[in-house]
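# Per-entry structural report
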Amino acid sequence: AQSVAQPEDQVNVAEGNPLTVKCTYSVSGNPYLFWYVQYPNRGLQFLLKYITGDNLVKGSYGFEAEFNKSQTSFHLKKPSALVSDSALYFCAVRGGSYIPTFGRGTSLIVHP
Amino acid sequence: DAGITQSPRYKITETGRQVTLMCHQTWSHSYMFWYRQDLGHGLRLIYYSAAADITDKGEVPDGYVVSRSKTENFPLTLESATRSQTSVYFCASGQPLYGYTFGSGTRLTVV
């Protein structure tokens with residue numbers, strides 16, 4: 001079975017500061033990892049993915065994520081947060097199956 | 001327009017009624033999914049499909065039925081709606097290596 005844990009329901013950060021949204025996973029075989037963002041009353045939007053290769057993955061809107069195989073983590077990061085980054089963020093994983101499993105989501109609040 | 005569309009955006013129905021939520025994608029993606037989103041539960045998989053005429057149950061399939069006679073359409077039917085099925089429903093499509101694209105969702109209220 002595959003699973004994702006997002007240990008923080010909410011992350012608060014001041015605008016201009018770096019942000020990290022945490023994600024750990026469990027899966028058989030090589031992981032395929034994804035981050036999605038959801039703005040209010042909208043569907044999920046794809047941010048970035050890790051399939052293979054460099055452990056640091058760059059995505060949309062200045063976000064990046066670091067894959068750490070030994071810690072089974074895939075934390076989402078951004079060097080300088082914007083108020084407009086405030087949203088719900090979902091981490092997802094899949095292994096050999098094509099079906100992704102999503103975490104419960106982390107609400108990111110960026111304060112002006 | 002290319003994309004994935006869900007209809008209706010909002011629906012209020014009575015307990016016991018049959019309701020169908022529509023999902024249409026224009027990319028000819030093989031894989032399609034239905035999720036429900038509830039506070040405290042995140043996204044839970046209801047049904048999924050690898051191709052036309054191939055569907056399978058997800059984590060929470062009870063009370064739901066799907067069909068996929070054409071690649072581009074994946075309707076979700078609540079056979080007899082219950083209050084516990086009040087939720088936001090998302091359809092997604094895509095290819096495994098590239099990630100999945102989500103529709104804007106249907107907010108369903110069962111009264």
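These remarks concern the structure in this document. (Residues numbered from 1 in each chain as written. Chains lettered and ligands numbered in written order. Predicted model: local features only at pLDDT ≥ 70, side-chain atom pairs only at ≥ 80, totals over all residues. Heavy atoms only, no water.)

### Description of the interface of chain A and chain B
Listed as interface residues are 20 residues of chain A and, on the opposing side, 23 residues of chain B. A combined buried area of about 1,700 Å² lies between chain A and chain B, and 59% of that area is made up of carbon and sulfur atoms. Of all residues in chain A, the largest losses of buried area upon contact with chain B belong to Leu44(A), Tyr98(A) and Phe102(A), amounting jointly to 33% of the total for that side. Between the two partners, chain A and chain B, sit zero salt bridges. Taken together, the links from chain A to chain B amount to five residue pairs in polar contact (both at pLDDT 80 or more). Where the side of chain A that touches chain B is concerned, the elements lending two or more residues are strand E5 (32-38), strand E6 (44-50) and strand E10 (87-94) of chain A. With four residues, the single largest contributor to the side of chain A that touches chain B is E5(A). The class makeup of the residues in the side of chain A that touches chain B is twelve nonpolar, four polar and four charged. (Contact = heavy atoms within 4.5 Å. Buried area = accessible area lost by both parts, 1.4 Å probe. Salt bridge = Lys/Arg side-chain N within 4 Å of Asp/Glu carboxyl O. Polar contact = N/O pair within 3.5 Å; in protein donor to acceptor, adjacent residues only side chain to side chain. Helix = DSSP H or I, 4+ residues; strand = E, 2+ residues; numbered from the N terminus. Nonpolar A, V, L, I, M, F, W, Y, C, P; charged D, E, K, R; others polar.)

### Quick word on the environment of Lys11(B)
If you trace the backbone, Lys11(B) turns up in strand E2 (residues 10-13). Setting aside anything within four residues of it in sequence, one finds Lys11(B) in contact with Val19(B), Arg107(B), Leu108(B) and Thr109(B).

### Observations regarding the nonpolar core
Membership of the largest hydrophobic core comes to 27 residues, with the highest contact counts inside it found for Trp35(A), Leu47(A), Leu48(A), Phe74(A), Leu76(A) and Tyr89(A). For this core, the secondary-structure elements that each account for two or more residues are strand E2 (10-14), strand E3 (19-21), E5, E6, strand E8 (64-68), strand E9 (73-78), E10 and strand E12 (106-111) of chain A. (Core = buried A, V, L, I, M, F, W, Y, C linked by side-chain atoms within 4.5 Å. Buried < 20%, exposed > 50% of the residue type's maximum accessible area, 1.4 Å probe, protein only.)

### As for the state of the cysteines
Using the criterion set out here, one finds two disulfides over all chains in the structure. Between the sulfur of Cys23(A) and that of Cys91(A) lies a disulfide, 2.0 Å long from S to S. Across the S-S bond linking Cys23(A) and Cys91(A), the dihedral sits near -65°, which makes this disulfide left-handed. Of the two residues, Cys23(A) is situated in the loop between E3 and strand E4 (24-26) and Cys91(A) in strand E10; the sequence distance between them amounts to 68 residues. Here Cys23(A) and Cys91(A) have matching classes, each one buried. Between the sulfur atoms of Cys23(B) and its disulfide mate Cys91(B) the distance is 1.8 Å. (Disulfide = S-S within 2.5 Å.)

### Regarding the pattern of salt bridges
Tallying each qualifying case throughout the model produces six salt bridges over all chains. Measuring nitrogen to oxygen at the nearest pair gives 2.9 Å for the salt bridge that ties Lys58(A) to Glu64(A). Taking relative accessible area as the criterion, Lys58(A) reaches 62% and is therefore assigned exposed. The salt bridge involving Arg44(B) is made with Asp38(B); its shortest N-O contact spans 3.0 Å. The class of Asp38(B) is buried, set by a relative accessible area of 15%. Here the residues in one salt-bridge network are Arg36(B), Asp38(B) and Arg44(B), joined through shared partners.

### Here we look at the environment of Ala92(B)
Relative to the helices and strands, Ala92(B) is located in strand E9 (residues 87-95). When its relative accessible area of 0% is taken as the criterion, Ala92(B) is described as buried.

### With respect to the sheet that holds strand E1 (residues 4-7) of chain B
Strand-to-strand pairing in sheets goes through backbone hydrogen bonds, with the strands running parallel or antiparallel. All names here are of chain B. Sheet architecture is open: four strands sit in the order E1-E3-E8-E7, paired in antiparallel fashion. In this open sheet, the two edge strands, each paired with only one partner strand, are E1 and strand E7 (64-66). When strand polarity is set aside, the average angle formed by the axes of neighbouring strands in this sheet is 15°. Inspection of the sheet shows E1 paired to strand E3 (residues 19-25) by four bridges, in the antiparallel sense. Within E3, the residue paired with Ile4 across the bridge is Gln25. (Pairing = 2+ DSSP bridges. Axes fitted to C-alpha atoms, helices over the stretch in contact; angles between N-to-C directions.)

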